[in-house]
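Each chain, letter by letter, is given below.
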Amino acid sequence: PFGFARLGAHRARFLAEALADLRARLRALGADLVVARGAPEAVLPALARAVGADVCFHHEEATPEETTVEAEVEAVLAAIGVRLDGAWGHTLVHP
């Protein structure tokens, strides 16, 4: 939006390392973490179908760009019978 890259090299490396650490910790507990690349409105319905999900949980966002994506994801999931269920917790004050 303001001419800045959303994900620079340092942030990308930090994110990759954090996800690798989370995956390792989950596997140590007998669980796993799926990491996918792509537009959420394309990736999430495919993942929901693959695992037979009927609900997809997510962390609600506040900015217009992110809430637009949430609405798109909700629509494509609803079209395949999957409910999108959000939880707020990002800021001190609910918008």
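**Observations regarding the nonpolar core**
Piece 1. Listed in full, the six residues of the largest apolar core are Ala-48, Cys-56, Val-73, Leu-77, Val-82 and Leu-84.
Piece 2. Leu-84 has contacts with Cys-56, His-58, Glu-70, Val-73, Glu-74 and Leu-77, leaving out every residue within four places of it along the chain.

**What about the pairing of strand 2 (residues 83–87)?**
Piece 1. Bridge count between strand 1 (residues 55–59) and strand 2: five bridges; the pairing is parallel. Its bridge partner being in strand 2, His-58 is matched across the sheet by Gly-86.
Piece 2. In this region the chain leaves strand 1, passes through helix 3 (residues 64–79) and returns to the parallel neighbour strand 2; the handedness of that crossover is right-handed.

**Thoughts on the side chain of Glu-70**
Piece 1. As for its position among the elements, Glu-70 is in helix 3.
Piece 2. With a relative accessible area of 18%, Glu-70 lands in the buried category.
Piece 3. Within polar-contact distance, the side chain of Glu-70 engages the backbone nitrogen of Glu-61 at 2.7 Å.
Piece 4. For Glu-70, the residues in contact, after removing those within four places along its chain, are His-58, His-59, Glu-60, Glu-61 and Leu-84.

**Considerations on helix 1 (residues 9–28)**
Piece 1. With 20 residues, helix 1 should cover 28 Å at 1.5 Å per step; its first-to-last C-alpha distance of 29 Å lies within 8% of that length.
Piece 2. Directly after helix 1, the chain includes Gly-30, whose backbone phi takes a positive value near 90°.

**With respect to helix 3**
It helps to recall that an α-helix has 3.6 residues per turn; residues three or four apart then point in one direction.
Piece 1. Along its 16 residues, helix 3 runs 23 Å from first to last C-alpha, staying within 8% of the 22 Å computed at 1.5 Å per residue.
Piece 2. Along helix 3, the residues classified as buried are Glu-70, Val-73 and Leu-77. Within helix 3, the buried residues cover an arc of 65° as seen down the axis, which keeps them to one side. The exposed set on the far side of helix 3, more than 90 degrees from its buried face, consists of Pro-64, Ala-78 and Ala-79.
Piece 3. Along its buried surface, helix 3 packs onto helix 2 (40–51), strand 1 and strand 2.
Piece 4. Phi turns positive one or two residues past the end of helix 3, at Gly-81, with a value near 80°.

The rules behind the values
- Residues numbered from 1 in each chain as written.
- Predicted model: local features only at pLDDT ≥ 70, side-chain atom pairs only at ≥ 80, totals over all residues.
- Heavy atoms only, no water.
- Core = buried A, V, L, I, M, F, W, Y, C linked by side-chain atoms within 4.5 Å.
- Buried < 20%, exposed > 50% of the residue type's maximum accessible area, 1.4 Å probe, protein only.
- Contact = heavy atoms within 4.5 Å.
- Pairing = 2+ DSSP bridges.
- Helix = DSSP H or I, 4+ residues; strand = E, 2+ residues; numbered from the N terminus.
- Right-handed = clockwise from strand over helix to strand, strands pointing away.
- Polar contact = N/O pair within 3.5 Å; in protein donor to acceptor, adjacent residues only side chain to side chain.
- Expected span 1.5 Å × (residues − 1).
- Arc of directions from axis to C-beta.

None of this, on its own, says anything about what the molecule does.
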